[in-house]
Amino acid sequence: MILLNAVHVGYHTDYMARHAEEAEPAMFRTISRSFCIVFSLEIFLRLWARGTFDFFFGDEASLNVLDCFSVSIQVCEEIMHFFMSDVRCMLAFNAGTLRIVRVLYFVRIFTTTARIFHLFAELRMMIVSIAASIRYLAWTIFLILLLTYMFAVFCTRIATDRKV
């Protein structure tokens, strides 16, 4: 889901950069709201399953706080869009800062990678003799591509922020 959200944010940014003079299609808002609902439910389910203390003070507390922060930014943006649907209100409010902070959605990709990476400990022991160098190369390429993608979306958001 997180990778789908990253693809959606990238496509949305590209579309809005190419069609800067047009209004934002409703499809993008609907998809963004859907991701917001799914991620909010995920946070609430993890909070309910682990309990408040373990969620905020357990082994993965820092990752949980980062997730809560990135989802709360997304929820704030959706609330803003809901209450400020009037064009005059959107022009009066400069949402540029919130759009830049929206790039923090990609923090979720890193936190998910960090959560999944510890599962590879047993797998690493099995394949270290076969593909140790290939594994490091693949992760390096993945991280470089991820950082390039995040930087491109960030720069495109800043460049096209003049519309809002």
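The structure this text deals with has already been given above.
Just so we're clear, the structure is a prediction, and the values are computed from it rather than from any experiment.

Reading guide: rules and limits
- Residues numbered from 1 in each chain as written.
- Predicted model: local features only at pLDDT ≥ 70, side-chain atom pairs only at ≥ 80, totals over all residues.
- Heavy atoms only, no water.
- Patch = residues over 30% accessible without salt bridge, like charges linked within 9 Å, V, L, I, M, F, W, Y side chains within 5 Å.
- Areas by Shrake-Rupley, 256 points an atom, 1.4 Å probe, with all protein chains shown as cover.
- Salt bridge = Lys/Arg side-chain N within 4 Å of Asp/Glu carboxyl O.
- Helix = DSSP H or I, 4+ residues; strand = E, 2+ residues; numbered from the N terminus.
- Buried < 20%, exposed > 50% of the residue type's maximum accessible area, 1.4 Å probe, protein only.
- Core = buried A, V, L, I, M, F, W, Y, C linked by side-chain atoms within 4.5 Å.
- Expected span 1.5 Å × (residues − 1).
- Phe/Tyr/Trp six-rings, centres within 6.5 Å; stacked < 30°, edge-to-face > 60°.

Novice: I'd love a proper account of a nonpolar patch on the surface, names of residues and values included.
Specialist: A surface patch of nonpolar side chains, about 450 Å² in accessible area, is lined by F53, F56, F57 and V65. Examining the composition of the nonpolar patch, we find that 3 residues originate from one element, helix α3 (residues 52-57), more than from any other. For F56, a relative accessible area of 34% puts it in the partly exposed group.

Novice: Now, about the nonpolar core: what can you tell me, with residues and values included?
Specialist: Nonpolar side chains in soluble globular proteins tend to end up buried together. Counting residues in each nonpolar core, the largest one holds 6 residues, listed as I2, F35, F39, I43, F55 and V71. At 3 residues, the largest contribution of residues to this core is made by helix α2 (residues 26-50).

Novice: Which residues make up α2, and what are the values?
Specialist: Here α2 is 25 residues long and its end C-alpha atoms lie 36 Å apart, about the 36 Å a rise of 1.5 Å per residue gives. Those residues of α2 lying buried are F28, R29, S32, F35, C36, F39, S40, I43 and R46. Two residues or fewer past α2, G51 is found with a positive phi of approximately 90 degrees.

Novice: Lay out the packing of aromatic side chains with the relevant residues and their values.
Specialist: Tallying each qualifying case throughout the model produces 6 aromatic pairs. Consider the rings of Y15 and F28, whose centres lie 5.2 Å apart with planes at 50 degrees: the pair is tilted. Separated by 13 residues along the polypeptide, Y15 in helix α1 (residues 2-18) and F28 in helix α2 bring together distant segments of the chain. With a relative accessible area of 19%, Y15 lands in the buried category. Plain terms: the ring middles of F35 and F39 are 5.9 Å apart, the flat faces sit at 20 degrees to each other, and that makes the pair stacked. With F35 and F39 both in helix α2 and 4 residues apart, the pair spans about one turn of that helix. The burial state of F35 is the same as that of F39; both residues are buried. An aromatic cluster is defined as three or more aromatic residues linked by ring pairs; in this entry it consists of Y11, Y15 and F28.

Novice: If you had to explain the pattern of salt bridges to someone new, which residues and values would you point to?
Specialist: One pass over the full model with this rule turns up 6 salt bridges. Measuring nitrogen to oxygen at the nearest pair gives 3.7 Å for the salt bridge that ties E78 to R33. Within this pair, whereas E78 is found in helix α4 (residues 61-83), its partner R33 is found in helix α2, the two being separated by 45 residues in sequence. Residue E60 pairs with R50 through a salt bridge whose shortest N-O separation is 3.3 Å. Remark: R50 occurs in helix α2 and E60 occurs in the loop between α3 and α4; sequence separation between them is 10 residues. Linked by salt bridges that have partners in common, R29, R33 and E78 make up one network.

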